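Structural overview
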Amino acid sequence: LQGIFVLGLPYALLHSGYSGLLLIVLAAALCCYTGKILIACLYEENEDGQLIRVRDTYEDIANDCCKKLFPNLGGIVVNVTQVVELIMTCILYLVVSGNLLSHSFPYVPVTEKTWSVIAFVTLLPCIFIRTLKIVSKLSQLCSLVHFVIIFVVITYCLTQMHQWSWAKFRLSLEFEDFLVSVGVIIFSYTSQIFLPTLEGNMNNPGEFRCMLNWTHFFACILKTTFALTAFLTWGEKTKEVITDNLPSFLETLVNLCLLTKALLSYPLPFFAATEIVYSCISKDNHSNYRSPLLALTVRGSFLMLTLLMTMFTPHFALLMGLSGSVTGAAMTFLLPSLFHLKLKWKKLSFLEKCADISVLILGFLCSLAGIVCSIKGLLKVFG
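Bear in mind that the values here come from a model prediction, so they are computed numbers and not experimental data. (Residues numbered from 1 in each chain as written. Predicted model: local features only at pLDDT ≥ 70, side-chain atom pairs only at ≥ 80, totals over all residues. Heavy atoms only, no water.)

1. Section: the overall build of the chain
Counting secondary structure elements, the chain contains 15 helices and two strands. In terms of overall size, the chain behaves like a compact globule, its C-alpha atoms giving a radius of gyration of 21 Å where 383 residues would be expected to give roughly 21 Å. The principal-axis extent of the C-alpha atoms belonging to the chain is close to 65 × 50 × 45 Å. Counting over 383 residues, the chain shows a buried share of 48%. Contacts in the chain between residues at least 24 apart in sequence constitute 79% of all its contacts with a sequence separation of at least 6. Of the roughly 19,400 Å² of accessible surface on the chain, a fraction of 69% belongs to carbon and sulfur atoms. (Helix = DSSP H or I, 4+ residues; strand = E, 2+ residues; numbered from the N terminus. Rg over C-alpha atoms; globule rule 2.2 N^0.38 Å. Buried < 20%, exposed > 50% of the residue type's maximum accessible area, 1.4 Å probe, protein only. Contact = heavy atoms within 4.5 Å. Areas by Shrake-Rupley, 256 points an atom, 1.4 Å probe, with all protein chains shown as cover.)

Spelled out as structure tokens, the structure:
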């Protein structure tokens, strides 16, 4: 829940004003809600009224929703969407790593893409990741590094309290800038792709809803505190990535921490993407699914794909925005609410149906707005 997007939250407040604070809270509530209804779609009641997990993955949910008309279409769409988003996330971490190394060592005569290749070399051991336990340990280290970054930035901001002013908040907003802020805030919370696997690997899945409530609550508090203190410190001078506002001696330290965080973040989407491919292969040929050679081939192919796209894709940020608007909004808002309505319609109350429909409409509007802004950006770049 505490991804690279968090560093853009102060900049989002610059373009959204007081409404940005409300959006941070609202986004936490919405993402927590869609996470819960997505997991609810994994369960059905048996004859005794007990909830039984009858589906294991996002793909299973999609296939059950579409089985009357197109038995496998839903699963294919979900898998493709998931893999695209996960690959784009992996590439983003490589791009960010190259950028951070370039800014941390400006006097070294090496291009940003070469730095990305150097970062890629450190990720080669990902080929040997076979279980979620290894990924979870790396994610724990990633969280520790992230808290160090947040602590350093907030501590510096607190030393500048004498210049804080609420007058720095905007009252008038530009629509396109506001949409960018909405995207940054919403997608700083997204985690729905990983939730079915996470819930399935919990020692006590019954605690999942409680866990989701507390994680989103603390994420909301931390994001609000971080965004607010940083924006009050720099105001109109707030940059897209807040660490660029720090004094040079702190900026280098924080950039190296960010580099560590980006590299530690890579294994989670990488593991999730390869697991999706494995599950598809296992349906066709179960014996090959357990082949160590096949496993290494798939992981190695994914690693090389992320490197090649990092090196040769022009204007990656705009393409990331375009794909993120489609896949991110779909996986976070559209599909969870649509599947929940389809599978649980008869058991939902009127208010629950209204909530799902509202989230569905919101997801569609966010996706549409993001697509329009991204396409406009691409058209401007390509003349």
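2. Quick look at a nonpolar patch on the surface
Together, Ile-357, Ile-361, Phe-364, Leu-365, Leu-368 and Val-372 give the surface a local cluster of nonpolar side chains, amounting to about 530 Å² of exposed area. Relative to the helices and strands, Val-372 resides in helix α15 (residues 350-381). (Patch = residues over 30% accessible without salt bridge, like charges linked within 9 Å, V, L, I, M, F, W, Y side chains within 5 Å. Salt bridge = Lys/Arg side-chain N within 4 Å of Asp/Glu carboxyl O.)

3. Quick word on the packing of helix α7 (residues 175-186) against α15
Packed helices, taken two at a time, are described by the angle between their axes plus the distance between the axes. Here α7 crosses α15 at 120°, and the two axes come no closer than 10 Å. For the element pair α7 / α15, the angle class is oblique. Pair α7 / α15 crosses with left-handed handedness. Contact with α7, carried on its side by Glu-176, Leu-179, Val-182 and Ile-186, involves Cys-366, Ala-369, Cys-373 and Lys-376 of α15 and no other residues of that element. Its residues assigned to classes, the contact of α7 with α15 comprises six nonpolar, no polar and two charged. (Axes fitted to C-alpha atoms, helices over the stretch in contact; angles between N-to-C directions. Parallel < 35°, antiparallel > 145°, perpendicular 65-115°, else oblique. Left-handed = near helix turned anticlockwise from the far one by under 90°. Nonpolar A, V, L, I, M, F, W, Y, C, P; charged D, E, K, R; others polar.)

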